[in-house]
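# Residue-level structural notes
The primary structure of each chain is shown beneath.
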Amino acid sequence: MNMLDYSRMGELAVEKHVKFILTIEKEKDSFESVVMEHIRLNGAYWALTTLDILGKLNTVDQDEVVSWMMQCQHESGGFGGNIGHDPHLLYTLSAIQVLALFDKIDALDIDKVSNYIAGLQNNDGSFSGDMWGEIDTRFSCVAILSLALLKRLDKINVEKAVNYIVSCKNLDGGFGCTPGAESHAGQIFCCVAALAVTGSLHHVDKDLLGWWLCERQVKSGGLNGRPEKLPDVCYSWWVLSSLIMIDRVHWIDKEKLIKFILDCQDKENGGISDQPEDAVDVFHTYFGVAGLSLLEYPGLKAIDPAYALPVDVVNRIFFGR
Amino acid sequence: MDVLQKSSERIPLSQRPEYADVKPVPQDDGPNPIVPISYTDEFRETMDYFRAIYVADERSLRALQLTTEAIKLNPGNYTVWQFRRLVLEALNADMNKELDFVDGIVEGNSKNYQIWHHRRWVAENLGTDASTRELEFTKTILSKDAKHYHAWSHRQWVLQALGGWKDELTYCELLLKDDIFNNSAWNQRYFVVTRSPLLGGLGAMRESEVTCTVNAIMEHPENESPWRYLRGLYRNDTHALVKDPQVASVCLKILTAKNNYVHALSMLLDLLCHGFQPSLEIRNAVYGLSDSGAQGSDLVKVVCSILELVDPMRANYWKWRRNIVPAQAAQCLKDDGLTGLSL
């Protein structure tokens, strides 16, 4: 195995990133905070998972977060993006993931939440994001990950769910949002994670997809999401975790990717951006740190490539303490 | 959105007579400190009034107006969009006017999932009559960003649900003329060729498509997309890929030109692992690219050594291919022997 010399690649400004996250979570009246109000639950997941990977989850008031989050739950069982918002699969997964971080999944009425999720499966096996019917393989992934974490996969028709995902497979081995849609790294992560969790990875042509994924690495060492597009730190997660799940991560140049991610840090004020020199945000901070964890950057907790939660959290759920 | 400019023209909701009986409901997720910036005041007031109408489930014209204002301030708020749909249904609103509304919002917000989902809902309500307008709408978005994922997704939905396939292949050709590297256009081309009810399907189209693709490859051999498209044309029929003289020929031309030959070498590996018997010219073209003067050596080994050198980021991938291609080629010959197929 190739032992990487991480000291040559640059430094991760851990303390600055922790401070960045704790500050933005408190600033409820900044313009960005106000405008992102309706997806606060996603923001909580990105922020808290990053803190856990950096070993600083204990700096947050767990009870305050959980109590706020439970108020985001709708009577249908689903969670909205913030208090008073309509339920949607996306925020339901984030809620389950945050509760998993705090080992508080038992705060949920698990059957109620699972019924909400299962109720969104369509006849062709696909999932709608909510009652309004938007269909996308992102929602297949979110539904499957949620139910797997709740240990209620039996509430859906798994075979049909898998078949729908497979129908979104393209000639390049990748996956799009719906059948025929262009392969895109984000959608690929969603489909591969869903297939991994349901024991269906044999449907993936790992060599073909692995090649498509490793072709995402561009000269700067960063990864793009589609051919001829610009690199972005978030693809350090989506491409990388997909490669790991299909056991092909050795096909990229890990060292160059680590250097790219570290170059996207704001070492003065904390936070990570999509590309070097751009403005930082919590979304890219999470993906940068999670990507570095997958690349085994020292000092970070290991993260599960399918569930996007620390490995010790996932083990706690499936194997007990 | 230029909210600051609008602030001077906007009349606060608290001063509008038509909302006089509405009691605004503040956001309940923390203390409410003093906010000095005026645009945040406008945002807060609008959302507080929206919340009141939403909680009361009032589906009226003034409710519709409130969703319009809330959306303009923050188009990402999916709860507002959903409530707007309920109001539109209750009012039996004019869906064409609603398309006009989305037209107005989309500039500057085109990467927003809610807008596209709303658009689809409206178009679905209008049915096949909306096909032409929706194709025009996506065309406009794509003219500014030809790889716009939401626009392509919407366009594919429109074609399949509402029709309008007639000019789609021509449209793909135009986009590729503009930018031969546009992977989305190549994807759409495959979509049309394989799914259009007006064309003959992949079998009927393959020959002409291969010719177009080979021309694109010759223009820019470093272009990833046409190489993948070429493989796609021969999906489930790799024997035909191996036998097609156009494929071997384009590889030879590029290798001989000694420029941007990575994808050509990669294609050669694919051909070899499916039983391709390379000509002397191809062998010599490959040896000509190698420093080590590897005449007579195992062709697969030479190809992979070159690739490891010129594409070092993916060195491990090429090493893996070096090991596996000979085994795949041997298996292929064995299978052909069993079926009596000869190349």
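Residues numbered from 1 in each chain as written. Chains lettered and ligands numbered in written order. Predicted model: local features only at pLDDT ≥ 70, side-chain atom pairs only at ≥ 80, totals over all residues. Heavy atoms only, no water.

### Section: the environment of Leu292 of chain A
Residues and elements named next belong to chain A. Positionally, Leu292 belongs in helix α13 (residues 282-294). For the pair Leu292 and Ile303, spaced eleven residues apart in the sequence, the C-alpha separation amounts to 9.7 Å. Look past the residues within four positions of Leu292 in its chain and what remains in contact with it is Leu12, Ile258, Ile261, Leu262, Tyr297 and Leu300. (Helix = DSSP H or I, 4+ residues; strand = E, 2+ residues; numbered from the N terminus. Contact = heavy atoms within 4.5 Å.)

### Digging into the domain arrangement of chain B
Residue and element names in this part refer to chain B. Parsing chain B into structural domains produces domain 1 (11-30 + 37-93), domain 2 (131-235) and domain 3 (238-334). Using only C-alpha atoms to locate each centre, domain 2 and domain 3 end up separated by 29 Å. On the domain 3 side, the residues contacting the 15 residues of domain 2 number 17 residues. When the two sides are added together, the surface that domain 2 and domain 3 hide from each other amounts to roughly 1,400 Å², 69% of it contributed by carbon and sulfur. When the buried surface of domain 2 facing domain 3 is broken down by residue, Trp227, Arg231 and Tyr234 rank first, second and third, together holding 45% of it. For the pair domain 2 and domain 3, the number of links is one salt bridge. (Domains from an automatic or database assignment. Buried area = accessible area lost by both parts, 1.4 Å probe. Salt bridge = Lys/Arg side-chain N within 4 Å of Asp/Glu carboxyl O.)

### Looking at the interface of chain A and chain B
Listed by partner, the interface residues are 56 residues for chain A and 46 residues for chain B. Between chain A and chain B lies a buried interface of about 4,800 Å² when both sides are counted; carbon and sulfur atoms form 52% of it. Looking only at chain A, the three residues that lose the most surface to chain B are Trp132, Leu171 and Trp211 of chain A, adding up to 18% of its buried area. Measuring nitrogen to oxygen at the nearest pair gives 2.6 Å for the salt bridge that ties Arg216 of chain A to Glu224 of chain B. Across the contact surface, chain A and chain B share 22 residue pairs in polar contact (both at pLDDT 80 or more). Within the residue set of the side of chain A that touches chain B, elements represented by two or more residues are α2 (31-35) and α10 (206-214) of chain A. When residues of the side of chain A that touches chain B are assigned to their parent elements, the largest contribution, four residues, is made by α10 of chain A. (Polar contact = N/O pair within 3.5 Å; in protein donor to acceptor, adjacent residues only side chain to side chain.)

### Side note on the packing of helix α9 (residues 185-197) of chain A against α10 of chain A
Residue and element names in this part refer to chain A. Interaxial distance between α9 and α10 falls to 12 Å at its minimum, and their mutual angle equals 145°. Crossing of α9 against α10: the hand is left-handed. Only Leu209, Trp212 and Leu213 of α10 make contact with α9, whose side of the interface consists of Ala185, Ile188 and Val192. For the contact of α9 with α10, the class distribution of residues is six nonpolar, no polar and no charged. (Axes fitted to C-alpha atoms, helices over the stretch in contact; angles between N-to-C directions. Left-handed = near helix turned anticlockwise from the far one by under 90°. Nonpolar A, V, L, I, M, F, W, Y, C, P; charged D, E, K, R; others polar.)

### A look at unusual backbone geometry
Residue and element names in this part refer to chain B. Of note in this structure, Asp57 is not a glycine but carries a positive phi near 55°. As for its position among the elements, Asp57 is in the loop between α2 (38-55) and α3 (61-73). In the Ramachandran plot, Asn260 falls in the positive-phi region, its phi being about 50° despite a non-glycine side chain. Taking the relative accessible area as the measure of exposure, Asn260 reaches 36% and is therefore partly exposed. (Buried < 20%, exposed > 50% of the residue type's maximum accessible area, 1.4 Å probe, protein only.)

### Some words on the packing of helix α5 (residues 95-106) of chain B against helix α6 (residues 113-126) of chain B
All names here are of chain B. Orientation of α5 relative to α6, taken along the N-to-C sense of each, is 160°, at an axis distance of 10 Å. With respect to each other, α5 and α6 are oriented roughly antiparallel. In this structure, α5 crosses over α6, and the sense of that crossing is left-handed. Taken together, the residues of α6 that come into contact with α5 (itself represented by Met95, Asn96, Glu98, Leu99, Val102, Asp103, Ile105 and Val106) are Ile115, His118, Arg119, Trp121, Val122, Asn125 and Leu126. (Parallel < 35°, antiparallel > 145°, perpendicular 65-115°, else oblique.)

### Re the pattern of salt bridges
Residue and element names in this part refer to chain A. Taken as a whole, this structure holds 36 salt bridges over all chains when the rule is applied. Between Asp111 and Arg152 there is a salt bridge; the shortest N-O distance is 3.3 Å. Taken together, the positions of Asp111 in helix α6 (residues 110-118) and Arg152 in the loop between α7 (137-149) and α8 (158-166) put the pair 41 residues apart, joining distant regions of the chain. Residue Asp111 is classed as partly exposed on the basis of its relative accessible area of 36%.

### Quick word on the environment of Leu41 of chain A
Residues and elements named next belong to chain A. Within the secondary structure layout, Leu41 lies in helix α3 (residues 40-53). A C-alpha to C-alpha distance of 6.3 Å links Leu41 and Ser94, two positions 53 residues apart in sequence. With sequence-adjacent residues up to four places away left out, Leu41 is seen in contact with Trp68, Met69, Cys72, Phe79, Gly80, Gly81, Tyr91, Ser94 and Ala95.

### Notes on the packing of aromatic side chains
Within this structure, the stated rule accounts for 27 aromatic pairs over all chains. Taking 5.5 Å as the distance between ring centres and 40° as the angle between the ring planes, the aromatic pair formed by Tyr307 of chain A and Phe318 of chain A counts as tilted. On the criterion of sequence distance, the pair formed by Tyr307 of chain A in the loop between α13 and α14 (311-319) and Phe318 of chain A in helix α14 is long-range, its members being eleven residues apart. By relative accessible area, which is 10% here, Tyr307 of chain A ends up buried. By relative accessible area, Phe318 of chain A is classed as partly exposed at 31%. Ring geometry for Trp152 of chain B against Tyr171 of chain B: centres 6.3 Å apart, planes inclined by 45°, an arrangement best described as tilted. With Trp152 of chain B in helix α8 (residues 149-162) and Tyr171 of chain B in helix α9 (residues 168-178), this residue pair connects regions lying 19 residues apart in the sequence. Residue classification places Tyr171 of chain B among the buried positions, given a relative accessible area of 8%. Feature note: the residues Tyr45, Trp46, Phe189, Tyr235, Trp237, Trp238, Phe283, Tyr286 and Phe287 of chain A constitute an aromatic cluster, connected by ring pairs. Lying over the aromatic face of Trp212 of chain A, Arg216 of chain A brings its terminal NZ or CZ to 4.2 Å of the ring centre. Arg85 of chain B extends its terminal NZ or CZ atom over the ring of Trp132 of chain A, reaching a point 4.7 Å from the ring centre. (Phe/Tyr/Trp six-rings, centres within 6.5 Å; stacked < 30°, edge-to-face > 60°. Lys NZ or Arg CZ within 6 Å of the ring centre and 35° of its normal.)

### Some points on α7 of chain A
All names here are of chain A. The terminal C-alpha atoms of α7 lie 18 Å apart, and with 13 residues this matches the ideal 18 Å at 1.5 Å per residue to within 8%. Across the 13 residues of α7, 13 count as buried, placing the element largely inside the fold. Capping the start of α7, Asp136 holds a side-chain oxygen 2.9 Å from the backbone nitrogen of Arg138, two or three residues further along. One or two positions beyond α7, positive phi appears at Lys151, with a value near 60°. (Expected span 1.5 Å × (residues − 1).)

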